[in-house]
Structure formats: structure tokens, C-alpha cells
Amino acid sequence: MNNFNHYYDTIETRRVISVIVINEDSVLSRIVGLFSARGYNIDSLTVAPIPDSEYSRITIVTVGSKRVIDQIVKQLNKLIPVLKVNEHSNVIEKDTVLIKIPIDQNLSDVAALAAAYKGSIQNVTEDAIVVSATDEPNRIMNFIKVVQKRFHPLEIVRSGVVAMER
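Residues numbered from 1 in each chain as written. Predicted model: local features only at pLDDT ≥ 70, side-chain atom pairs only at ≥ 80, totals over all residues. Heavy atoms only, no water.

Draft legend 1. Fine view of a nonpolar patch on the surface. A cluster of nonpolar side chains, namely Leu28, Val32, Leu45 and Val47, defines an oily patch on the protein surface of about 260 Å² accessible area. Within the residue set of the nonpolar patch, elements represented by two or more residues are α2 (27-37) and β2 (44-49). Since its relative accessible area comes to 30%, Leu45 is described here as partly exposed. (Patch = residues over 30% accessible without salt bridge, like charges linked within 9 Å, V, L, I, M, F, W, Y side chains within 5 Å. Areas by Shrake-Rupley, 256 points an atom, 1.4 Å probe, with all protein chains shown as cover. Salt bridge = Lys/Arg side-chain N within 4 Å of Asp/Glu carboxyl O. Helix = DSSP H or I, 4+ residues; strand = E, 2+ residues; numbered from the N terminus. Buried < 20%, exposed > 50% of the residue type's maximum accessible area, 1.4 Å probe, protein only.)

Following this line, the structure appears as C-alpha cells:
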């Protein structure tokens, strides 16, 4: 192997993998166990049934070298309830966040910031303002950082990444 191929095989990159599985007990734990047993990290994991079928789609975001990602895909393909594994490189990704902000913050400032990240105010109570935003994962991370610095949120909940090939 020449130096370029060795370098290419060791570069850590973020990858989105979707797995179509038969919707049955213990499938998710087997997939997570595969990652855990090999020391691979999962940055995001979402699971949802595919409408009008007996299948589910699992979307996994992970980081690894080309060699590691190839190994993950091969191992996933060996699991019995797995029907199809796709490693994506050209995808539309979305992440959603709900953030609870203390009520003492300016409502119009909160609404303007949320709108900048394709979000809006979802609920206002005596104690808190709840905003949501759905956008690309890196923009959601930036939104969270800005909100933390400016509004000191009470609670933050993220959905995890969903993705679809273009």
C-alpha cells in the first residue's frame, strides 16, 4: 500500500449509516452491542418504523477511518435481522432540539434567535419558554451554544440525526 492510500485509510471522517431491519425484539440492542464490542462510538442514533411495513430504519452517525467504517458496514450486514445497510456520503440531514429557557428572558429576542435557526416558540408557561428548531446538525449545535451563552437554558433535549440520500 502506498503512503497516500495509508493516509486516506486512517483519516477520521463523520459518516451516516442507515440500516433497514426487521422490526423485532432485541434488534437495536444487537446493533448497539456490535458497536460497543468493537469500541466504535455512536454520535447519534435514531430509530423509526417504516410506514406500512414490518421494517424499521435505524440512522447511525459515527466517526472513523475508511477502514473502520467499512468494517462496521460488513459487521452490520452479517446481523440476521438486517436487510440493507447504506453508508451515505451525499445526504440531507436534520436534527431537532427543544430548549426550555427561563421566563425572565425577552420573548421577542428568544423568538428572533429561534427563527434564525428555522425554529419557533412552542410553549410559554409561568416559568419557562420552550423553543424548538430543526436544521442541519452543525447549525443545531451552534444554536445550542448561542442559547446557552445568551439565555442560560433550564433544559435541552435533542432528537438525533435523521438522514436521507439526495
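Draft legend 2. Quick peek at the nonpolar core. Within the largest apolar cluster, 18 residues are counted, with the highest numbers of intra-cluster contacts made by Val19, Ile31, Phe35, Ile72 and Leu76. Among the secondary structure elements, those contributing two or more residues to this core are β1 (13-22), α2, β3 (55-64), α3 (66-78) and β4 (82-88). Excluding anything up to four places from it in sequence, Phe35 contacts Tyr40, Asn41, Ile42, Ile60, Thr62, Ile72 and Leu76. Listed in part, the 15 residues of the second largest apolar core include Ala114, Val131, Ala133 and Ile144. (Core = buried A, V, L, I, M, F, W, Y, C linked by side-chain atoms within 4.5 Å. Contact = heavy atoms within 4.5 Å.)

Draft legend 3. Summary view of the sheet that holds β1. A sheet is described by the order of its strands in space; here four strands give the open sequence β2-β3-β1-β4, paired in antiparallel fashion. Edge positions in the sheet fall to β2 and β4, since each has one partner strand and no second. Shown here is a sheet whose adjacent strand axes are inclined to one another by a mean of 15°, direction ignored. Packing of α2 onto the sheet brings it into contact with β1, β2, β3 and β4, and relative to β3 it is tilted by some 15°. (Pairing = 2+ DSSP bridges. Axes fitted to C-alpha atoms, helices over the stretch in contact; angles between N-to-C directions.)

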